[in-house]
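# Commentary on secondary and tertiary structure
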Amino acid sequence: MLIEKSKVRFKMKKAKKCIYCGQRANTREHIPARNLVKDKGSVQFITVPSCSKCNSGFQKDEEFFRQLIASILYEQSPVATFLLNNPVARSMKRKPALGVQMFQQMKVVNLYSKGNIYLGKRTAINITKNDHQRVFHVLDKYIEGLFFYHFGKAVSRDWVLRHSWLTRKLEEKVIDTLKNMRWERMKEDTFIYGFNSVPKTCQSIWCLVFFGQPLFYSLVLDKNNADKFGNKAERLYKNTHLE
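Residues numbered from 1 in each chain as written. Predicted model: local features only at pLDDT ≥ 70, side-chain atom pairs only at ≥ 80, totals over all residues. Heavy atoms only, no water.

### Here we look at the environment of H30
- Following the sequence through the fold, H30 ends up in strand β1 (residues 27–31).
- Among the residues examined, H30 registers a relative accessible area of 25% and is labelled partly exposed.
- As for H30 and N55, which are separated by 25 residues in sequence, their C-alpha atoms are 9.4 Å apart.
- Excluding its chain neighbours within four sequence positions, the residues that come into contact with H30 are F45, I46, T47 and K141. (Helix = DSSP H or I, 4+ residues; strand = E, 2+ residues; numbered from the N terminus. Buried < 20%, exposed > 50% of the residue type's maximum accessible area, 1.4 Å probe, protein only. Contact = heavy atoms within 4.5 Å.)

Next up, the structure:
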């Protein structure tokens, strides 16, 4: 159940445990990650209690996440273009292997509409299984942090987080769910998120939008419902009797 933001802020100030592992919190985790934001002074970041180990544990994957998402969206977003040409480029100079890996995974492909009309060429990126794992690790940080911010408590350790890339096919299936979400616009050209929860529970559905593009669809479920409903988020949303 959602609680008032003033009460959440009070709980966040009083929280002494890392929301990710339960150990003593001695730092804060930022949402969105600071390395995604061009003008940091224009964003009121959400911060949640974290320990140094979890905080540092996200850093390498967050750097990879920035590089990947900026590479995917640089043709569509001025902010992604700026990141790719500036901080990401500097990062690749310091760590050339990152640049080599990225360019090896890129190729130019022909782009067609649903009606098979040729739309030109577009850069495509091959995303490996390991890449997915790194991306989903960053999504764990975002979703658990946002969950704490809105519900005032950490995700239970026996609950399940499930993430999916919001492909066109999936978006068509869950469009009604997306329309009914509560949307929070932290920075219009950088990070927006939407969510909805099952009444009387904190089980919830989330959509994360980076650089103006809805990219990820995530579920937070207790174990019983995770086993029961699998990845069918629209069923979770419609079945409000879940406990």
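### Details of the sheet that holds strand β8 (residues 204–210)
- One open sheet holds the 5 strands; their spatial order is β5-β9-β8-β7-β6, and the pairing between them is antiparallel. Either end of the sheet is taken by a strand with one partner, and the two such strands are β5 (160–165) and β6 (182–187). In this sheet, neighbouring strand axes are inclined to one another by 20° on average, regardless of whether the strands run parallel or antiparallel.
- The sheet contacts of helix α2 (residues 52–73) involve β5, β8 and β9 (213–221), and relative to β9 the element is tilted by about 135°.
- Helix α6 (residues 129–151) rests against β5, β6, β7 (191–197), β8 and β9 of the sheet, and its axis sits at about 115° to β8. (Pairing = 2+ DSSP bridges. Axes fitted to C-alpha atoms, helices over the stretch in contact; angles between N-to-C directions.)

### Here's the deal with the nonpolar core
- Membership of the largest hydrophobic core comes to 50 residues, with the highest contact counts inside it found for Y193, L208, F210 and F216.
- Those elements that place two or more of their residues in this core are β2 (46–50), α2, α3 (78–85), α4 (87–94), α6, β7, β8 and β9.
- Among the elements that take part in this core, α6 stands out by supplying 10 residues, more than any other.
- In this structure Y193 touches I46, L146, Y149, H150, R182, W183, E184, M186, W206, C207 and L208, once residues within four positions along its chain are discounted.
- Residues I205, C207, V209 and A226 belong to the second largest nonpolar core, which totals 13 residues. (Core = buried A, V, L, I, M, F, W, Y, C linked by side-chain atoms within 4.5 Å.)

### As for the packing of aromatic side chains
- Evaluation of the coordinates by the stated rule reveals 17 aromatic pairs.
- Each ring, one from W165 and one from F216, has its centre 4.6 Å from the other, and the planes form 55°; the classification is tilted. Of this pair, W165 sits in strand β5 while F216 sits in strand β9, and the two are 51 residues apart along the sequence.
- Relative accessible area serves as the criterion here: at 17%, W165 is assigned to the buried category.
- What makes F216 buried here is its relative accessible area of 0%.
- Arranged with centres 5.2 Å apart and planes meeting at 40°, the rings of F191 and F210 form a pair that is tilted. In this pair, F191 is assigned in strand β7 and F210 in strand β8, connecting sequence segments 19 residues apart.
- Look at F210 and you get buried, because its relative accessible area is 0%.
- A network of ring pairs unites the aromatic residues F65, Y142, F147, F151, W159, W165, F191, Y193, F195, W206, F210 and F216 as a single cluster.
- A cation over an aromatic ring shows up here: K38 above the ring of F82, its NZ or CZ 4.7 Å from the ring centre. (Phe/Tyr/Trp six-rings, centres within 6.5 Å; stacked < 30°, edge-to-face > 60°. Lys NZ or Arg CZ within 6 Å of the ring centre and 35° of its normal.)

### A look at the environment of N126
- Tracing the sequence through the fold places N126 in the loop between β4 (118–125) and α6.
- Each C-alpha atom, one on N126 and one on Q105, is 5.1 Å from the other, the two residues being 21 residues apart in sequence.
- Residues contacting N126, with those up to four places away along its chain left out, are Q105 and D131.

### Things to note about the pattern of salt bridges
- The full count for this structure, using the stated rule, is 7 salt bridges.
- Between E62 and K141 there is a salt bridge; the shortest N-O distance is 2.4 Å. Here K141 lies in helix α6 and E62 lies in helix α2, a separation of 79 residues in the sequence.
- Relative accessible area serves as the criterion here: at 9%, E62 is assigned to the buried category.
- For the salt bridge of E144 with R157, the shortest nitrogen-to-oxygen distance reads 3.1 Å. On the criterion of sequence distance, the pair formed by E144 in helix α6 and R157 in the loop between α6 and β5 is long-range, its members being 13 residues apart.
- Classification of E144 by relative accessible area gives buried; the value is 11%.
- Bridged by salt links that share partners, the residues E29, E62 and K141 form one connected network. (Salt bridge = Lys/Arg side-chain N within 4 Å of Asp/Glu carboxyl O.)

### Quick notes on α3
- Within α3 the residues assigned to the buried category are V79, A80, L83 and L84. The arc that holds the buried residues of α3, viewed along the axis, is 135°, so those residues lie on one side. In α3, those exposed residues whose orientation departs by more than 90 degrees from the buried face are P78 and N85.
- Of the residues flanking the start of α3, the one acting as N-cap is S77, its side-chain oxygen 3.3 Å from the backbone nitrogen of V79. (Arc of directions from axis to C-beta. Polar contact = N/O pair within 3.5 Å; in protein donor to acceptor, adjacent residues only side chain to side chain.)

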